[in-house]
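This is what each chain is made of:
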Amino acid sequence: RRRALLLTIWGMLFATVAQGLLPTRSFVFAAAMCTLRIVQGACAGGEVGAISVFLAESAEPGCRGMAIALISMTGNLAFFAASGVVVLLR
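Just so we're clear, the structure is a prediction, and the values are computed from it rather than from any experiment. Each chain has its residues counted from 1, following the order in which its sequence is written. Residues qualify for local features only when their pLDDT is at least 70, as the model is predicted, and side-chain atom pairs are given and counted only at 80 or more; totals for whole chains, interfaces and linings, by contrast, use all residues. Values shown for side chains rest on all heavy atoms present in the structure; no hydrogens or waters enter the calculation.

Chemist: Outline the overall build of the protein chain, listing residues and values.
Modeler: Helix and strand definitions here come from DSSP, where helices need a minimum of 4 consecutive H or I residues and strands a minimum of 2 consecutive E residues; each element is numbered from the N-terminal end. A count of helical and extended segments in the protein chain gives 3 helices and 0 strands. Along the protein chain, helices (α) and strands (β) appear in the sequence α-α-α when read from the amino end. Taking the principal axes of its C-alpha atoms as reference, the protein chain extends roughly 55 × 35 × 15 Å. Burial classes follow relative accessibility: with a 1.4 Å probe on protein chains only, a residue under 20% of its type's maximum area counts as buried, one over 50% as exposed, and anything between as partly exposed. Counting across all 90 residues of the protein chain, residues that qualify as buried make up 18%. The criterion used for residue contact is that any of the two residues' heavy atoms lie within 4.5 Å. Contacts in the protein chain between residues far apart in sequence, at least 24 positions, make up 50% of those at least 6 positions apart.

Okay, here's the thing in structure tokens:
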């Protein structure tokens, strides 16, 4: 399970860095950007399952529910923080 988690993290890292290094805006840029976003999304989706299992197995018996709930909670907090940034920048 640790390998799966590391694979998803490295996949997201690769896709994010590659997006930043794309040269210019052209058809190739758009196709590469779409492909890298798909890779990034697939890795992010795979990470949720892997981290849930990893936390459930490694957390103390009385804290497993809270550890797994933090995954959803932090995702929602990040969404609200990003929404707040968008509102502030408008």
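Chemist: Summarise the environment of isoleucine 51; cite the residues concerned and give the values.
Modeler: Looking at the element boundaries, isoleucine 51 is found in helix H2 (residues 27–58). A C-alpha to C-alpha distance of 11 Å links isoleucine 51 and arginine 3, two positions 48 residues apart in sequence. Ignoring sequence-local partners within four residues, the contact set of isoleucine 51 consists of Leu5 and Ile71.

Chemist: Explain the packing of aromatic side chains to me, and be specific about the residues and the numbers.
Modeler: Pairing of aromatic rings covers Phe, Tyr and the six-membered ring of Trp, with a centre-to-centre limit of 6.5 Å; geometry is then stacked below 30 degrees between planes, edge-to-face above 60, and tilted otherwise. Under the definition given, this model contains 1 aromatic pair. With centroids separated by 5.6 Å and ring planes inclined at 65°, the aromatic side chains of phenylalanine 79 and phenylalanine 80 adopt a geometry described as edge-to-face. You can call phenylalanine 79 exposed: its relative accessible area is 53%. Look at phenylalanine 80 and you get exposed, because its relative accessible area is 56%.

Chemist: So what's going on with the side chain of glutamine 19? Residues and values would help.
Modeler: Here glutamine 19 lies in helix H1 (residues 2–21). Ignoring anything within four residues of it in the chain, the contact list for glutamine 19 reads Met33, Leu36, Arg37 and Gln40.

Chemist: Break down the nonpolar core for me, citing the residues and quoting the values.
Modeler: Here the nonpolar core consists of buried residues drawn from Ala, Val, Leu, Ile, Met, Phe, Trp, Tyr and Cys, with membership extended through side-chain atoms lying within 4.5 Å. Within the largest apolar cluster, 5 residues are counted, these being Ala15, Ala18, Leu22, Phe29 and Leu36. The set of elements that each furnish at least two residues to this core consists of H1 and H2. When near neighbours in sequence (up to four residues on either side) are disregarded, leucine 36 contacts Phe14, Ala15, Ala18, Gln19 and Leu22.

Chemist: With reference to specific residues and values, describe H2.
Modeler: With 32 residues, H2 extends 46 Å between its outermost C-alpha atoms, agreeing within 8% with the 46 Å of an ideal straight helix rising 1.5 Å per residue. Against the buried residues of H2 lie H1. Each helix should span, by expectation, one fewer than its residue count multiplied by 1.5 Å.

Chemist: Quick one: what's the story with a nonpolar patch on the surface, residue by residue and with numbers?
Modeler: Where nonpolar side chains cluster on the molecular surface, the patch consists of Leu6, Ile9, Trp10, Leu13, Val17 and Leu21 and spans about 610 Å² of accessible area. Inspection of the secondary structure assignment puts leucine 13 in helix H1. By relative accessible area, which is 42% here, leucine 13 ends up partly exposed. Here a patch means residues that are over 30% exposed by relative accessible area and free of salt bridges, tied together within 9 Å if like-charged and within 5 Å if nonpolar (Val, Leu, Ile, Met, Phe, Trp, Tyr). For every accessible area listed, the method is Shrake-Rupley and the probe measures 1.4 Å; residues are considered covered only by the protein chains on display. The working definition used for a salt bridge is a side-chain nitrogen of Lys or Arg within 4 Å of a carboxyl oxygen of Asp or Glu.

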